[in-house]
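# Structural overview
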Amino acid sequence: MLIAIDAGHYLGTPGKRCLRAIDPRETREWVLNGRVADRVEERLTAYDCQTMRVDDVTGQKEVTLFDRVLAANLTGADVYLSIHHNAGIKGGSGGGIVVYVCLGVGEDTTSLQRAVYEHTVASTGLRGNRSQPLGVANFYVLVNTTMPAVLGEFGFMDSTTDTPIILTEKYADQLADGIVAALVEQYHLKEVDSVTYEEWVAFYERYQKEQAKKEPTEKWQSDTVKKAIAAGISDGSRPLDTMTRVEGMAMVLAGKE
Ligand SMILES: [Zn+2]
């Protein structure tokens, strides 16, 4: 399962930014899109899937829509998720989340559209007031991708109600949670077991202790232990344990003394 993630635009895209009257820093849309994309990718490492980014993750380089779509198509991505933030309210209030698919898609795509919308509204609380939050639009990345594709507009950058919310780190976290929940539900993603270094060390120490308690079960092993004790090579302890190289050296030298 390969998930293509597209953080819309790049830092230099003209016009794509928050309205100055609401956000004096005029935060670029790519910054908002990119930080959500980063979080989605990070969260998905815990699941049995892979991700790829089709935008430039530094935001410095413009990647055309043609190249984004081509990358996903050539790599054989199973789903394409485009992350955007909206505009068009011009300093008024209201807005919310809208998730688009293109005309004529099948149930596999519309169910993903519904899942992304419902999970992100639930996780962020940004319900909004759009008459058609499940939209149909012939956006380039939706029409030209060969796999199910959805494009989310996750709140308005020029709305007095949406913008202060979508600028927060908390919103980015909640939005990523919602997107991941939708993907997990739609594609039955399973969490993969990951072992920390500390856990691995604890397992290895336990393994060594268990090995140390084991006794030889075959006659040649018992005979070898007896001969090694008689030859002064070993005291016969831990006969089935693993041995480090320096322990091996010590045993060989002990036999020569
Ligand atoms: Zn956009």
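Residues numbered from 1 in each chain as written. Predicted model: local features only at pLDDT ≥ 70, side-chain atom pairs only at ≥ 80, totals over all residues.

### A look at the overall build of the protein chain
On a plain count of helices and strands, the protein chain comes out with 9 helices and 6 strands. A globule of 257 residues ought to have a C-alpha radius of gyration of about 18 Å, yet the protein chain, at 29 Å, is considerably larger. Overall, the C-alpha framework of the protein chain stretches about 90 × 40 × 35 Å when taken along its three principal axes. Pairs at least 24 residues apart make up 77% of the contacts formed inside the protein chain by residues separated by at least 6 positions. (Helix = DSSP H or I, 4+ residues; strand = E, 2+ residues; numbered from the N terminus. Rg over C-alpha atoms; globule rule 2.2 N^0.38 Å. Contact = placed C-beta atoms within 7 Å.)

### Considerations on the domain arrangement of the protein chain
Assigned domains within the protein chain: domain 1 (2–187) and domain 2 (203–256). A C-alpha centroid distance of 61 Å is found between domain 1 and domain 2. (Domains from an automatic or database assignment.)

### Some thoughts on the sheet that holds strand β4 (residues 97–101)
A sheet is described by the order of its strands in space; here 6 strands give the open sequence β2-β1-β3-β6-β4-β5, paired in mixed fashion. Edge positions in the open sheet fall to β2 (50–53) and β5 (134–136), since each of these has one partner strand only. When the angles between neighbouring strand axes are averaged without regard to direction, this sheet yields 25°. (Pairing = 2+ DSSP bridges. Axes fitted to C-alpha atoms, helices over the stretch in contact; angles between N-to-C directions.)

### Digging into the nonpolar core
Membership of the largest hydrophobic core comes to 49 residues, with the highest contact counts inside it found for Ala 4 and Val 150. Residues contacting Val 150, with those up to four places away along its chain left out, are Leu 81, Val 99, Tyr 100, Val 101, Thr 109, Leu 112, Gln 113 and Val 116. (Core = buried A, V, L, I, M, F, W, Y, C linked by C-beta atoms within 7 Å. Buried ≥ 20, exposed ≤ 12 C-beta atoms within 10 Å, placed from the backbone.)

### Section: the packing of helix α3 (residues 107–124) against helix α6 (residues 169–187)
Between α3 and α6, whose axes approach to 8 Å, the crossing angle comes to 145°. For the element pair α3 and α6, the recorded crossing hand is right-handed. Seen from α3, the contacting residues are Ser 111, Leu 112, Ala 115, Val 116, His 119, Thr 120, Ala 122, Ser 123 and Thr 124; seen from α6, they are Tyr 171, Gln 174, Leu 175, Asp 177, Gly 178, Ile 179, Ala 181, Ala 182, Glu 185 and Gln 186. Split into classes, the residues belonging to the contact of α3 with α6 amount to 9 nonpolar, 8 polar and 2 charged. (Left-handed = near helix turned anticlockwise from the far one by under 90°. Nonpolar A, V, L, I, M, F, W, Y, C, P; charged D, E, K, R; others polar.)

### As for the pairing of strand β3 (residues 79–86)
Burial analysis of β3 places 8 of its 8 residues in the buried class, which makes it a mostly covered element. In β3, alternate side chains face the same way, and those of Val 79, Leu 81, Ile 83 and His 85 on one face and Tyr 80, Ser 82, His 84 and Asn 86 on the other are all buried. Relative to strand β6 (residues 149–156), β3 runs parallel, the two sharing 6 bridges. Paired with Tyr 80 across the two strands is Ala 149, which belongs to β6.

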